[in-house]
Amino acid sequence: MNWLLWRQHRNGAVVFLAITLAFAIALWITGVHMAHLYDSARQSCTVGSGGACDRYLGSLFNGYGAIIDIVHLTLVLPVVLGAFLGATLIARETEPHTNVLVWTQGVTRRRWLLTKVAFALVATLIAAGLTSVLVTWWSGTPNSLNGDRFQGAQFDTQNIVPVAHALFAVALGIAAGAVLRRVLPAIATTIGVFVAARIVVAVYLRPRYAAAQLLSTPFNGPVGGAQLAPGSWRMSENVVDPSGHVVNGPLRVPNSCVAGSRAGADSCLERLGFRQVVKFHPASSYWRFQWTESLLFVGLAAILTAVAVLVTLRRDA
Amino acid sequence: MTAATIETTGLGKRYGSTWALQDVTLTVPPGRISALVGANGAGKTTLLRMLAGVATPSAGTITVAGQHPADDVGFLRRISYVAQDMPLYGRWKVADQLKLGTELNEDFDDAGARERLRALSIPLDRKVAALSGGMRAQVALALALGKRPDVLLLDEPLAALDPLARRDFLSTVATAVVDRPLTVLLSSHLLPDLERICDHLIVLAGGRLVLADDIDHVLATHRVLTAAARDTTALERVHDVITIQRTPRQVTGVVRVGAAPLEPDWDVTEVSLEEIVLAYLGVAQSAGPPATAPASLTLLREER
């Protein structure tokens, strides 16, 4: 059985390892260089240089667009694994009926199936885990510049969430292949359902993994002010009038505040009791969000794997 | 009296509301090479798939080599099954295909399989997809025989082969049976080809079993009877009349002759296996007009 796995997956494994090796080398070179640039910039920025220093740090990695794009592109690794490893796992046997050949050799269908499924899931764990470790390590420097790790390009490519996405995509592919029994329909279904599920979760569920917090700050200061820790996920920012109602649409400035400069008007509104309110998830909730989303997708992966196994064992060849 | 190698009782398979095979109670004694014949859709493939354990019966029981078909090694090691489309890994070399047999079976006869292919000049380093249909069939057969099965199930192995490849395929099967105890069940439209190596016959029609017997016994008991036009009620009471055709002047019937003596004015002639099979298949088409031998002959020939 192990020989069969090796014989069927050796090409895919070699291709994956070659790409990963090239990727790892590129990340290692640029990652070390970026960390070095960042550290020396921080040391040369003395306390009090203020905005100029921030601007300098902000423009630090301007030449790194290509590699940053490649890192963000690891977003598609789960669906690639789902289509090429998951969807083909069973369908490429059932389409040309080689499953009938294998199921009448001296290895039970159950053992064949469980070995293949276990291999696919473990290979996914290793492939996605390895990629995530590389990306997470490399992103240490950009993260400390940008702070907010809740955005898609960061949240979906770093730490444990990308691994959970990959396990879900591969289990989805295996189930689609087991049910549809043909390679191309299984691949198409895997891509479609995976993208739909990710969008629904990212847009509708992810903001609700924890109750959002509200922070009310003076009208004439920065939104959130110093109390809003860097790295928080800002959901919305609103102006609240003196009676505590959210102001929708353009703010009608009372006549008493119309005169004078913009700053004068802000101070005037502040005196009247206008506040600005930010709705956010604090940076400290990051791991709660990572775990919640990961458990959700791993749970879905478990259900889909069970479906694939039951369908394959119960149906006629 | 040896135990049957293949035994089914009340076997049936239903797809949706249609029975592809119904109420098949069948016995194939050990060591037979049995021809499974029937028109398209008669249920040959369904029967073989259930015997091989790749499809589950909707009704009835199966015993193959003393085992019930199941997902366990004890059953799997006793049977070999070559499906109709002879699935092989097309992009693999022949040698890898044999390695599959070695890797997935405890007791695979790798040397024997290689020797068999070498004797047929089939190159082991050629990709399976690049082989001719005949060579492909031989690779599938070598893999099946390499398992050293007790029962070999072959579904339409000759369908895609030219006459020469058919002869080679059948001679490989015939040689294998001489080498070691083996029961073979192979399905085909091509009865004349099978007659050369088969000693047992199973006829399916419309999803039902119409005949299962040793060929010698079938030939010994079936006769064509001809006589001047008459009432055949008396005949039908004591003998199995398979088909009967009447013209204003005479009556002709294929009859399974029972123990009772025949009336002396029947003209009794021997009958070929093909005619017997056609008679049984003709009966099964009961929905249509009374079948005549020439009509059903044409029908079967068209199928080929």
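Residues numbered from 1 in each chain as written. Chains lettered and ligands numbered in written order. Predicted model: local features only at pLDDT ≥ 70, side-chain atom pairs only at ≥ 80, totals over all residues.

### Considering the overall build of chain B
A count of helical and extended segments in chain B gives 11 helices and 13 strands. The C-alpha radius of gyration computed for chain B amounts to 21 Å, which stays within 12% of the reference 19 Å derived for 304 residues, consistent with globular compactness. With the C-alpha coordinates aligned to their principal axes, the bounding extent of chain B is approximately 70 × 40 × 40 Å. Buried positions account for 41% of the 304 residues belonging to chain B. Here the analysis covers contacts within chain B between residues at least 6 apart in sequence; of these, 67% occur between residues at least 24 apart. (Helix = DSSP H or I, 4+ residues; strand = E, 2+ residues; numbered from the N terminus. Rg over C-alpha atoms; globule rule 2.2 N^0.38 Å. Buried ≥ 20, exposed ≤ 12 C-beta atoms within 10 Å, placed from the backbone. Contact = placed C-beta atoms within 7 Å.)

### Comments concerning the domain arrangement of chain A
Residue and element names in this part refer to chain A. Partitioning chain A into structural domains gives domain 1 (2–44 + 65–210 + 286–314) and domain 2 (213–283). Placing a centre on the C-alpha atoms of domain 1 and another on those of domain 2 gives a separation of 42 Å. Taken residue by residue, the interface counts seven residues in domain 1 and six residues in domain 2. A class-by-class count of the residues in the side of domain 1 that touches domain 2 yields four nonpolar, one polar and two charged. (Domains from an automatic or database assignment. Nonpolar A, V, L, I, M, F, W, Y, C, P; charged D, E, K, R; others polar.)

### Topic: the sheet that holds strand β11 (residues 240–246) of chain B
Residues and elements named next belong to chain B. Spatially, four strands are ordered β11-β12-β10-β13 in an open sheet, and the strand pairing comes out antiparallel. Every interior strand has two partners, whereas the edge strands, β11 and β13 (267–270), have only one. Going from strand to strand, the sheet's axes swing by 25° on average, the running direction of each strand aside. Relative to strand β12 (residues 250–256), strand β10 (residues 222–228) runs antiparallel, the two being bridged by seven bridges. By the bridge assignment, Ala227 is partnered in β12 with Val251. (Pairing = 2+ DSSP bridges. Axes fitted to C-alpha atoms, helices over the stretch in contact; angles between N-to-C directions.)

### Some remarks on the interface of chain B and chain A
Taken together, the contacts link 25 residues of chain B with 20 residues of chain A. Those elements that place two or more of their residues in the side of chain B that touches chain A are α2 (73–76), β5 (79–82) and α3 (94–104) of chain B. The element best represented in the side of chain B that touches chain A is α3 of chain B, accounting for six residues.

### A look at the packing of α3 of chain B against helix α4 (residues 110–119) of chain B
All names here are of chain B. Running from N to C, α3 and α4 cross one another at 155°; their axes reach a closest spacing of 10 Å. Classified by the interaxial angle, the pair formed by α3 and α4 is roughly antiparallel. At the point where α3 passes α4, the crossing takes the right-handed sense. Touching Val94, Leu98, Gly101 and Thr102 of α3 are Asp110, Ala113, Arg114 and Leu117, all from α4. (Parallel < 35°, antiparallel > 145°, perpendicular 65-115°, else oblique. Left-handed = near helix turned anticlockwise from the far one by under 90°.)

### As for the confidence of the model for chain B
Residues and elements named next belong to chain B. On average, residues of chain B score 89 in pLDDT, and 92% of them are at 70 or above. Note that residues 287–304 has pLDDT below 50 and, in this model, 17 contacts with residues that lie over four places away or in other chains. Two numbers describe this predicted complex: its pTM, 0.90, and its ipTM, 0.87. (pLDDT = per-residue confidence, 0-100.)

### Quick word on the environment of Gly106 of chain A
You can see Gly106 of chain A is positioned in the loop between α5 (98–103) and α6 (109–138). Setting aside its immediate chain neighbours within four residues, Gly106 of chain A contacts Val73, Leu76, Arg77, Leu104, Asn105 and Glu106 of chain B.

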